[in-house]
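# Breakdown of the fold
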Amino acid sequence: MMPRLWPMFVKEFIQMRRDRLTLMIVTGLPVLQLLLFGYAIQTDVRHLPTVVVDESRTPESRDLIAAFENTGSFTIIARLDGREALDRALARGTAAAGIIVPADYPRQLLRGQPATVQVVVDAADPLSSQSGLAAAAGVAQARNLAILSAAAGRAGPPLEARVRPRYNPGLRSATFIVPGLVGVLLTMTMVLITAMAIVRERERGTLEQLIVTPITKTELMLGKITPYIGVGLVQMTTVLLVGRVVFDVPLTGNLLLLYAVALIFVIASLSLGLFISTLVRTQQQSMQVSFFIVLPNILLSGFMFPRAAMPLFFQWVGLLLPLTHFLKVLRGILLKGVGVAALWPEIVILAAFAGGLIVLAVRRFRKTLD
Amino acid sequence: MTSAAVETHGLTRRFGAVTAVRDLSLRIETGEVFGLLGPNGSGKTTTIRMLCGLLEPSAGTASVAGIDVAAAPEQIKLRIGYMSQRFGLYEDLTVAENLAFYGGIYGLRGEAAERRTAEIVAFLEIGPRLGQLAGQLSGGWKQRLALGCALLHRPVVLFLDEPTAGVDPAARRNFWQAIHDLARAGTTVLVTTHYMDEAERCTRLAMMSGGHLIALGTPAEVAAQVGGGGRTLEDAFIILQERDER
Ligand SMILES: Nc1ncnc2c1ncn2[C@@H]1O[C@H](COP(=O)(O)OP(=O)(O)OP(=O)(O)O)[C@@H](O)[C@H]1O
Ligand SMILES: [Mg+2]
């Protein structure tokens, strides 16, 4: 059975070990990306720099402003004297939010009339403004309930919805991002590495010498991908460990199952790269095609943006990406602790991708120079 | 049954509008050292590539070691050795690793592999270089290594595409010594070259120009085609090529 696979594997392994660029892609990139995504892409916005115009300067108004600050969403950076100064701060970008308490605020409260407090948010960035708006609404609602219950002589509000965020109780983005990052990183590196595989040998002139031997197409292709399967699994381990240590991402669920599915996913990604390698003529082209493929993987797989919010067409396109299915497995196992019973459709689909792409790559490859 | 090591009939290869090889018919007997001569772009490499199954002919047939190239390209590959014009081994592997790789690819295992590799290393005297990266070898050593890798599986036909280009005279002489040793042992060698002293050492020559054959025969016969009278092979080469281009 495939007697030339082993020498091919050994050769690829030695070359991998000696290639600085590959080693960098394999070891440096995961850590770099993890820190980048983990720290920079915090989707939960906290500590919006906030300026305050307190026109009433009363204990009530100070109390209210403290309530805003206590949410953790707003950090008061300055108290200003007029609304113009607030507008300037927002326009310049030194502040992302402004709170205006009118002079008649305590009087209105006392009279039992609706009191107003104005919250201005820089909504040029929808993501950060949304969390600011939500926090402001929350403050107002809590105050309202407290005032109304006091007026009605009750100990608390008549109805309280107790919302329990399951699986990620802290609603932390790192918990959500890091498992997904495992999939994104594997897609990027595995596709890129093998996309260069055949075409690099073609450019260096070594392919001509290789295909004049009795090696079969299958031996050649499998020999090209097998050394990198181990690399992919090491990469995944690195990301998970760094995620655990630095970002405190939980590792619940069946890790053995996770590695088994990751193995299938890695093979699918490597085969996709290999297929690209049979389509292009130069390493530069293969690099371009790989990046072209990585982008939809980040956008459409559900890594950053919820698939449910996408138009139907893009949801379908997303289904054509192995990453979409692997993300479900990653989050299912790592965050929810579910097993094969819940994930078997994804596993079957990934296996079909892996098998199909290998066959496609072997079929496309010709042992000639044309 | 023929005893021809290589036989072609009307072999033709076109690249778009360019006809690289046109209607080439050749017969090379077993044990010959057959030289393929011709100016740059005359179709030598293309011919060899077709004989190795690396390029499909646009027309015509070719057989190597009695096997039709188009019908059974994979069977041919066990019986031929090929040294490409451009160094085709792995520069990031050592000499020993390249030999081990090609030995494995040609199905040598265990003790047999060790014995055969030792033979090749002794034959080409590359022992002192075994631990060196192939990319760091000088031209002459690279060529020897490439020849070694092409010989591991004892091919019956050996295709050498400009094996001594850029190699110093002493190394070239050594290399040709090895070629003649192989031929004496029964290997058929098809070699391309731009050096006339090497052409003189072939049993027979084919001269190509513009993709087709312009002369064929022993070195003396080819020289005689332009009238003899003390004309050298080099004169013949230039005169025949000029005639063809007119
Ligand atoms: N892959 C290819 N695509 C297009 N044209 C090609 C290709 N390979 C060879 N040719 C053309 O075919 C002709 C013959 O080329 P070939 O390489 O066979 O010449 P050669 O005799 O080996 O030359 P040299 O002495 O320079 O090695 C040339 O005109 C060359 O440009
Ligand atoms: Mg050539």
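These remarks concern the structure in this document. (Residues numbered from 1 in each chain as written. Chains lettered and ligands numbered in written order. Predicted model: local features only at pLDDT ≥ 70, side-chain atom pairs only at ≥ 80, totals over all residues. Heavy atoms only, no water.)

## Brief notes about the pairing of strand E4 (residues 59-64) of chain B
Residue and element names in this part refer to chain B. The pairing of strand E1 (residues 4-15) with E4 spans five bridges and is antiparallel. The residue of E4 that forms the bridge with His9 is Thr61. In this structure, E4 lies alongside strand E5 (residues 67-68), joined through two bridges in antiparallel fashion. Note on E5: the bridge partner recorded for Ser63 is Asp68. Hairpin remark: E4 followed by E5, antiparallel, with two residues in the connecting loop; positive phi at Ala65, about 55 degrees. (Pairing = 2+ DSSP bridges. Helix = DSSP H or I, 4+ residues; strand = E, 2+ residues; numbered from the N terminus.)

## Regarding the coordination of the magnesium ion (ligand 2)
Residue and element names in this part refer to chain B. In the first shell of the magnesium ion (ligand 2), the protein supplies Thr45 (OG1) and Gln85 (OE1), at 1.9 to 2.2 Å from the metal. With Thr45 in helix H1 (residues 44-51) and Gln85 in the loop between strand E6 (80-83) and helix H3 (95-105), the pair connects residues that are 40 residues apart, well separated along the chain. With a relative accessible area of 17%, Thr45 lands in the buried category. For Gln85, a relative accessible area of 39% gives the class partly exposed. (Donors = N, O, S within 2.8 Å, 3.2 Å for Na, K, Ca; no water. Buried < 20%, exposed > 50% of the residue type's maximum accessible area, 1.4 Å probe, protein only.)

## Considering the packing of helix H11 (residues 255-279) of chain A against helix H15 (residues 340-364) of chain A
Each pair of packed helices gets described by two things: the angle between the helix axes and the distance between those axes. All names here are of chain A. Across the interface, H11 lies against H15 with an axial gap of 8 Å and an inter-helix angle of 25 degrees. The angle between the axes of H11 and H15 places the two elements in the roughly parallel class. The chirality of how H11 crosses H15 is left-handed. Contacts between H11 and H15 involve Leu257, Val261, Ile264, Phe265, Ile267, Ala268, Ser271, Leu272, Leu274, Phe275, Thr278 and Leu279 from the former and Val340, Ile347, Leu350, Ala351, Phe353, Ala354, Leu357, Ile358, Leu360, Ala361 and Arg364 from the latter. (Axes fitted to C-alpha atoms, helices over the stretch in contact; angles between N-to-C directions. Parallel < 35°, antiparallel > 145°, perpendicular 65-115°, else oblique. Left-handed = near helix turned anticlockwise from the far one by under 90°. Contact = heavy atoms within 4.5 Å.)

## Structural notes on a nonpolar patch on the surface
All names here are of chain A. On the surface, Val31, Leu35, Tyr39, Val245 and Val246 cluster together into a nonpolar patch covering about 440 Å² of accessible area. For the nonpolar patch, the secondary structure elements donating two or more residues are helix H2 (20-40) and helix H10 (217-247). Looking at the nonpolar patch element by element, the count peaks at three residues for H2. Within the secondary structure, Leu35 sits in helix H2. Judged by relative accessible area, Leu35 falls into the partly exposed class, the value being 33%. (Patch = residues over 30% accessible without salt bridge, like charges linked within 9 Å, V, L, I, M, F, W, Y side chains within 5 Å. Areas by Shrake-Rupley, 256 points an atom, 1.4 Å probe, with all protein chains shown as cover. Salt bridge = Lys/Arg side-chain N within 4 Å of Asp/Glu carboxyl O.)

## What to know about the packing of aromatic side chains
Applying the stated rule across the entire model yields seven aromatic pairs over all chains. When the ring of Phe265(A) is compared with that of Phe326(A), the centres are 4.2 Å apart and the planes differ by 10 degrees; the resulting orientation is stacked. Of this pair, Phe265(A) sits in helix H11 while Phe326(A) sits in helix H14 (residues 322-336), placing them 61 residues apart in sequence. The pair formed by Phe265(A) and Phe326(A) is uniform in burial state, with each residue classed as buried. Look at Tyr90(B) and Phe101(B): their rings are 5.6 Å apart centre to centre, the planes differ by 80 degrees, and that puts the pair in the edge-to-face class. Of this pair, Tyr90(B) sits in the loop between E6 and H3 while Phe101(B) sits in helix H3, and the two are 11 residues apart along the sequence. Note on Tyr90(B): relative accessible area 2%, which makes it buried. Three or more aromatic residues joined by ring pairs make a cluster, and in this case those are Trp6(A), Phe9(A) and Phe13(A). (Phe/Tyr/Trp six-rings, centres within 6.5 Å; stacked < 30°, edge-to-face > 60°.)

## Notes on the site of ligand 1
All names here are of chain B. Near ligand 1 there are 13 residues, and of these Gly41, Gly43, Lys44, Thr45 and Thr46 occur at the shortest range. Between ligand 1 and the protein, one listed contact pairs an oxygen atom with a backbone N or O atom of Gly41 at 2.8 Å. With respect to ligand 1, the side chain of Thr45 contributes an N or O atom lying 2.6 Å from an oxygen atom. When the free accessible area of ligand 1 is taken as 640 Å², the share hidden by the protein chains comes to 63%. In terms of residue count, the dominant contributor to the shell around ligand 1 is H1 (three residues). (Near = heavy atom within 4 Å. Polar contact = N/O pair within 3.5 Å; in protein donor to acceptor, adjacent residues only side chain to side chain.)

## What to know about the sheet that holds strand E2 (residues 74-80) of chain A
Residues and elements named next belong to chain A. Taken in spatial order, the four strands make up an open sheet running E2-E1-E3-E4, and their pairing is mixed. Looking at the sheet topology across the chains shown, the edges are occupied by E2 and strand E4 (118-121). Mean inter-strand twist for the sheet, computed between neighbouring axes without regard to direction, equals 25 degrees. Relative to E4, strand E3 (residues 97-101) is paired through four bridges, and the arrangement is antiparallel. By the bridge assignment for E4, Ala97 is matched with Val121. Taken strand by strand, helix H3 (residues 59-70) contacts strand E1 (48-54), E2, E3 and E4, and its axis lies near 145 degrees from that of E2. Across the sheet, helix H4 (residues 83-92) lies against E1, E2, E3 and E4, angled at about 170 degrees from E3, the strand it touches most.

## Considering H4(A)
Helical periodicity: at 3.6 residues per turn, an α-helix aligns residues three or four positions apart in one direction. Residue and element names in this part refer to chain A. Those residues of H4 that sit buried are Leu86, Ala89 and Leu90. Around the axis of H4, the buried residues are gathered within 95 degrees of arc, so they sit on the same side. Seen from the buried face of H4, the exposed residues on the opposite side, beyond 90 degrees, are Glu84, Ala91 and Arg92. At its buried positions, H4 is contacted by E1, E2, E3 and E4. Directly beyond the C-terminal end of H4, a positive phi value near 90 degrees is found at Gly93. (Arc of directions from axis to C-beta.)

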